[in-house]
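Below are the chains, spelled out letter by letter.
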Amino acid sequence: SGDEIWRRLAPVIGSAVWVLFIATIGFVGFGAWLLRRRVVSPLALLAAGTRRIAEGDLRARIAEHGPAELEELARGFNQMAESLELEREALLRAQESLSRSRRLASLGQLAAGVAHEVGNPVAAILGYAEVCRREKTASPRARELAELIAGEALRVRALVREMLDLSRPEALVLERVGPAALVERIASRMRPQPLLAGLELDTHVDPGLAEVEVDWRRVEQVF
């Protein structure tokens, strides 16, 4: 009878319902896990990377994994972040160069004023030194001192000119010289200085050293 058939099928139907319910729960759970792993997590990483970019951290990068579309999106994000980082570095270099140019321009204006004020006294010193050197009654020592005065005045003039040339640095004028001659020339300029009053400056250079290529004026400034 129908009741007998239903009584026999009821446990089977109940079991089938439970199996279907469990399978549905498992399918939904697996689908949610897969959706989170393949879609939600990559999108969350992309959103976190975007926030880091917005906060100024242009070194932010995200892992390139997931579905093909999301992987392509992550790759495009990384390329954009790298491009922004390179552009920021270029902008910083440009700002630094502009700041340096402004400082050089200010220094050039100052040097122009200094050159104008110093030029006339230096020219007068050179003129007086030349008169002393040509004086017939001058002693050899006086002529030697006049020569030294003229050399120092020329060095002052060269320093002022170099200040004017800071905005357009000139090329080095290299000469091959021996270390002994180089050191002795610098020492000869230092001996008359008040800093060494009462002291004797002596130099010792090992013989046989190879010649070096230097710009006299710049090396003198360093020492």
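These notes cover the structure that comes with them. Since we're looking at a predicted model, the values are computed, not measured.

**Some details on the packing of aromatic side chains**
- Throughout the structure, instances matching the rule amount to one aromatic pair.
- Ring centres of Trp-18 and Phe-21 lie 6.0 Å apart, and the angle between their planes is 90°; this geometry places the pair in the edge-to-face category. One end of the pair is Trp-18 and the other is Phe-21, both in helix α1 (residues 2-54) and three residues apart, which spans about a single turn.
- On the accessibility criterion, Trp-18 (57% relative accessible area) is exposed.
- Given the relative accessible area of 48%, Phe-21 is considered partly exposed.
- Stacked on the ring of Trp-216, the Lys or Arg Arg-185 has its end atom at 4.1 Å from the ring centre.

**Here's the deal with the nonpolar core**
- Residues Leu-46, Ile-53, Ala-60, Ile-62, Ala-74, Phe-77 and Ala-81 constitute the largest nonpolar core, which totals seven residues.
- Those elements that place two or more of their residues in this core are α1 and α2 (68-134).
- Ranked by residues supplied to this core, first place goes to α2 with three residues.
- Of all hydrophobic cores here, the second largest spans six residues; its members include Val-177, Leu-182, Ile-186 and Val-214.

**A closer look at the pattern of salt bridges**
- Using the criterion set out here, one finds nine salt bridges in the structure.
- Residue Arg-133 pairs with Glu-130 through a salt bridge whose shortest N-O separation is 2.3 Å. Here Glu-130 and Arg-133 lie together in helix α2, a separation of three residues that amounts to about one turn.
- The class of Glu-130 is partly exposed, set by a relative accessible area of 24%.
- Of the charged contacts in the structure, one is a salt bridge between Arg-176 and Glu-213, with a shortest N-O distance of 3.6 Å. With a gap of 37 residues between them, Arg-176 in strand β1 (residues 175-177) and Glu-213 in strand β2 (residues 212-214) connect regions that are remote in the sequence.
- Classification of Glu-213 by relative accessible area gives partly exposed; the value is 49%.

Cut-off values and rules
- Per chain, residue numbering runs from 1 following the sequence as it is written.
- Totals for whole chains, interfaces and linings use every residue, but because this is a predicted model, local features are given only for residues with pLDDT of at least 70 and side-chain atom pairs only at 80 or more, for both listing and counting.
- The side-chain values count all of the structure's non-hydrogen atoms but skip hydrogen atoms and water molecules.
- Two aromatic rings from Phe, Tyr or Trp, using only the six-membered ring of Trp, form a pair when their centres are within 6.5 Å; if the ring planes differ by under 30 degrees the pair is stacked, by over 60 it is edge-to-face, and anything between is tilted.
- Per the convention used, a helix needs a DSSP run of H or I reaching at least four residues, while a strand needs a run of E reaching at least two, with both numbered from the N terminus.
- Only protein chains enter the accessibility calculation, which uses a 1.4 Å probe; a residue whose area is less than 20% of its type maximum is buried, one above 50% is exposed, and one in between is partly exposed.
- We count a charge as sitting over a ring when the NZ of a lysine or the CZ of an arginine lies within 6 Å of the ring centre and within 35 degrees of the ring normal.
- The criterion is simple. A nonpolar core is a set of buried Ala, Val, Leu, Ile, Met, Phe, Trp, Tyr and Cys residues joined through side-chain atoms within 4.5 Å.
- By convention in these notes, a salt bridge is any Lys or Arg side-chain nitrogen within 4 Å of a carboxyl oxygen on Asp or Glu.

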